[in-house]
Every structure is written in C-alpha cells, then in structure tokens.
Amino acid sequence: MSIESEIKKEVSRRRTFAIISHPDAGKTTITEKILLFGGAINMAGTVKARKSKKFATSDWMEIEKQRGISVTSSVMKFAYQDFEINLLDTPGHQDFSEDTYRVLTAVDSALMLIDGAKGVEAQTKKLLEVCRMRNTPVMTFMNKFDRECRNPFDLLDEIESILKIQCSPLTWPIGMGRDFKGVYDLNAKTIRIFQKDVSQKEFQIIQLKDLNDPQLDEVVGDVLADQLREDLELLEGAGTPFSRSAYLSGEITPVFFGSALNSFGVHEFLDGFLEYAPLPKSREATERVVEPVEKNLTGFIFKIQANMDPAHRDRIAFMRICSGKFTRGMKIFHTRLQRMIKLNSTVTFMAKEREMMEEGYAGDILGLYDPGIFKIGDSFSMGEQLTFTGIPHFSPENFMRVRLADPLKGKQLEKGLVQLTEEGATQVFRSVANNNHILGVVGSLQFEVIKFRLLHEYNVEGVFEGVPYTCARWYHSPDEDIVKRFEERYLGQIATDVKNKKIFLCNSTWDLDYAAKKFEGLSFFQNSDHIPV
Ligand code: G4P
C-alpha cells in the first residue's frame, strides 16, 4: 500500500473526542463503560479507583498523587470495532484549570454529559462555549434516567435556550426513575428494555412495526405507551430533525438518554458516535490549512504536564498529530526554535498503561518527554514554517498578586513563572501601572500548586495577596484613539500578558459591561486568539 493510501485509511479509522460535564454528572462512570465496551479495561472500578474525591487543597502530596494519577487517564486510546479511539480527559473537580479548556482545542468532537435531574450546569456551559468557538460537533447523553429526572422536553428546552444549540433526540426515554422502562430508538423503531445492573450484557430489543404496535403497550404498559406516543407526536411537530451536516457544523446536537451506571444507552451512544462523529479535521495554521491526509507529519502542543514523577521532575508535552505519519525515532522541525528535534522518547496512552508509541496518524496524541523545549501552542512540521492557530489562552477567573518574601530572589521568581506559564499552569500578567506580577488561573487550586512549586522547584517563597479582580478580557479596536482613552481611564486595571498583549482586569462583570458601554467600538474577548500580536 502506498504511504498516501495508508495515511488515508488510518485517518479514516480515527476518532478523537472528549467528554464535557459538570462534576458528578457521571463522567467517570461513562468513561469506564466506554472503556469496558472498547475492551480497553476488563474490570469495572478501574477508572473509578483513579479518581480520588476528597483532599485538602493545601496538601501537596495529595495534589501530586492526583496529578500523577491523572496523567495516565489524560489520554485513553483504545480500539473499538475497526476504529482507533482517543478519549481525552477534561480534568474537572478541584483540578479544573485552563488545561480543561485547552484539551478541547485538540479534539474533533465532544460528548456532553448531563445529569437528567439537574440539567445544564455551570461547568458544562463554560466547556460548551469553548466547543462553540471552533464549531466542534457535540453529542449529548442525558444520564441517570434510572432516577427521577426532569421532564425530557424541559431538559431539551434548557439546552436550546442556555447553550444555544438545537437538540435532535435519536432515542427517547420511556418513563424514568422506578418506572424507567427503556428507550425508544427513533430511527430503528425499536425499544431497548432497561434492566438494572446488567453491566456488559446485551439489553433486550423489541422491534415495533410502528407506534401503534400493541407490543408497545404489552411491554411498557398502557400509560407509558400512550405517553411515548404523545411525546413523539410533539417531537415530530416541534423537534429538530437529525442531519449529519448540521451536527458536524455544530448547529445541532444528537441526544441519547440512558443510565451510565447501568451501562444503559452507552452502546447506542457509541454506535451513533462511530456512525456520525467526524474523523480528524483539517487544522488552520497562520500560513495555510493543513489536511490530515497530507504526507508530512505536523502537530502542535496543547498541554504540558510536569512532575508526574516527583523523583525525576520530568515534564510531558502532549502533541496532537494534525497530518502525516509519525514513527518513533524520526526527526521533526520545531518551528519556534527553528531546528530539527528527534522524537525518541514518545509515549502513547493506552487506556491500560503508558506504552512506547511506535506509530501515529492525525488524531493521535503523542506524549513527548520535555527537556524544557516545549511551550503550549508550539507547532511542528517536516521543515515547513507552520504555526497552528486556535490554541489560545483563556480568560482566568481567579487572580492573585505575587510578591517576593526575599527581594533578592527576583530572577528565580521570573524563571519559575516563565516555566509555569509555558506549561499553562498559570498566566502571568504585568500591571502596566506598577509592574506587579499578577497571576491568573481558571481553578483556584492552581494557586496552591504554583506556590508549592515555586518554593520546591525554584527555591522562591512567593507571598500571594488578594486582588479585587474577578474576570479579565483581552481588548482590541482598530481605532487607536479609543484604545488610548480607555487605557488612560482604566490605567490601574491594564496589564500585559506573556505575549505582550494588553488585557483588562475587571472588578466585576458590571465593571466590564460599563466599560463596554462607555467605550463603544472597543471589542472584548475571553480568549487571546482574536488579538493581533
Ligand atoms: P463525575 O466523574 O462526573 O464527577 O461523576 P461520577 O461518574 O463519579 O458519578 C457521580 C455519582 O453519580 C456517582 O455516585 C455515580 O455512581 C452516580 N452515577 C453515575 N451515573 C449514574 C446513573 O446512570 N444513575 C445513577 N443513579 N447514578 C449514577 P456517588 O454516590 O457519588 O459515588 P459512588 O459511591 O457510586 O462511587
């Protein structure tokens, strides 16, 4: 087989996605079920055991443990039927950070998991916004229907009104909680009968002629059968019909109902996922668009994880392959450093354990041991100048000023902060008015991590002090006069980021709205991608 057809074939087998959800919606549970069905693990409880729920935020050892653990589940690669699936973890709970957002820039689609009793929650909303930035196709799984949930129509309405994406159910629940009988498959016109705790066993499927088929009443009872008929009539009138192209462009989300805990509905999701989810997409670089089937290897770094082994202080950089074929030991061009580097120590993340990666294609994630030469956003090619775009910094939500306990340690502080910024652990801003270091993070646990690492890795004691900011926005206007007037008015709240882009540190969203009204013509952005350097 020629290399071109080999690459084409391998790309068409790859699906790279992430699960977005609010803590406790059931992400760990569904991940485990997906891995079980994929044959990647053979025992329930494996993923669950990795998730330690409680720890004191100040207890670094626990954080370390958590981080060590989370790297093995950062990327879970497994084969399912004839597909190679990469499931990327989006860290939640206490380690919710900018990483969580950035992982979404490296996937081709996402699964949005919703707790049917709770509906759309804060973290899901934030993560979905990131998907929308790149029009990432999203499938939805309404979880926990074995419990009392909200009315399914209300749940769909909520997604449509809050998340601004149309819902197109592919299955529909029959009852819920104690009366949960199963789901109706709208395309196949089958009912899948719900049973508790059957883990991997196939659920019984009943084929109906149509909705008037008396079998429906026999199996689920008259009341629920009539309810289903009514619901489907309503859906037919008011629902959004499924279209793959509308899903692929991010306009609609196909919806599945089920119970991850009981493995129910997970097969339907996986089948739907394999049938409809996109293969690795083309990626934009400043210079041109890169197609996944191109012969030359290209990729970019979207995540750096440090200290996975505290004894060695190693860092692993995660590279998403965008095109071509990777083979271990090959050399690639580091476009920022303008030099070739050899890819010897690469790992892949099979769901079971870390393994050496021998080959990879677009959609795969390479783990590169980092001797300190990688930054988030770095791009690689076979010699061509390429800079992939769409790997922005995201607006932090928590801020602190960092000062030195010992004023002679300025250099070490600078070095530590530069490296921690390169890893994406924090963003560092310099106040324009007084040159203060202001750290910005997405999840506040990061401050503990940074404080600890500054002390232990760079020997600097940082004094962290509260600042009144609650959000930050990059800003831009083609009219320099507006920018100048704005910066004069808000001098104490203007800072520069690592790339010297200006950012507005706001005291509240009210502050931001007020500034936006007062300085019409100035645009504010939640990520740095829109700002010209
Ligand atoms: P997360 O990773 O999104 O945070 O959620 P996780 O899977 O840990 O699930 C959160 C809780 O919800 C767990 O219960 C889990 O068992 C439960 N859960 C997940 N899917 C379902 C479902 O389909 N039906 C029902 N009834 N419960 C579900 P827990 O009590 O917090 O933990 P555990 O004691 O069961 O481990």
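In the block above lies the structure referred to throughout.
Residues numbered from 1 in each chain as written. Predicted model: local features only at pLDDT ≥ 70, side-chain atom pairs only at ≥ 80, totals over all residues. Heavy atoms only, no water.

Participant: Describe the overall build of the chain, listing the residues and the values that go with them.
Facilitator: Summing up its helical and strand segments, the chain has 15 helices and 31 strands in all. The long-range fraction of contacts in the chain, counting pairs at least 24 apart against all pairs at least 6 apart in sequence, stands at 71%. When the accessible surface of the chain is split by element, carbon and sulfur atoms take 49% of a total near 22700 Å². (Helix = DSSP H or I, 4+ residues; strand = E, 2+ residues; numbered from the N terminus. Contact = heavy atoms within 4.5 Å. Areas by Shrake-Rupley, 256 points an atom, 1.4 Å probe, with all protein chains shown as cover.)

Participant: I'd like to hear about the pairing of strand S22 (residues 365–370), residue by residue, with values.
Facilitator: Most of S22 sits inside the fold, with five of its six residues counted as buried. Of the pairings in the sheet, the one linking strand S15 (residues 315–323) to S22 comprises six bridges and is antiparallel in character. Directly across from arginine 320, in S22, lies its bridge partner isoleucine 365. (Buried < 20%, exposed > 50% of the residue type's maximum accessible area, 1.4 Å probe, protein only. Pairing = 2+ DSSP bridges.)

Participant: Pulling in residues and values, what's your account of the packing of helix H2 (residues 27–37) against helix H11 (residues 266–276)?
Facilitator: Two numbers describe how H2 lies on H11: the axes approach to 10 Å, and their chain directions differ by 70°. The angle between H2 and H11 places the two elements in the roughly perpendicular class. By crossing handedness, the relation of H2 to H11 is classed as right-handed. Touching Ile30, Lys33, Ile34 and Phe37 of H2 are Val266, His267, Phe269 and Leu270, all from H11. Split by residue class, the contact of H2 with H11 holds six nonpolar, one polar and one charged. (Axes fitted to C-alpha atoms, helices over the stretch in contact; angles between N-to-C directions. Parallel < 35°, antiparallel > 145°, perpendicular 65-115°, else oblique. Left-handed = near helix turned anticlockwise from the far one by under 90°. Nonpolar A, V, L, I, M, F, W, Y, C, P; charged D, E, K, R; others polar.)

Participant: Mind laying out the nonpolar core, listing which residues take part and the relevant values?
Facilitator: Core analysis: the largest hydrophobic core is formed by 81 residues, its most contacted members being Leu88, Met142, Ile159 and Phe374. When residues of this core are assigned to their parent elements, the largest contribution, six residues, is made by S15. Of the domains in this structure, domain 1 (19–72 + 109–276) and domain 2 (283–381) are the two that each give at least three residues to this core. By size, the runner-up hydrophobic cluster in this structure holds 30 residues, among which are Ile30, Ile34, Tyr247 and Ala260. (Core = buried A, V, L, I, M, F, W, Y, C linked by side-chain atoms within 4.5 Å. Domains from an automatic or database assignment.)

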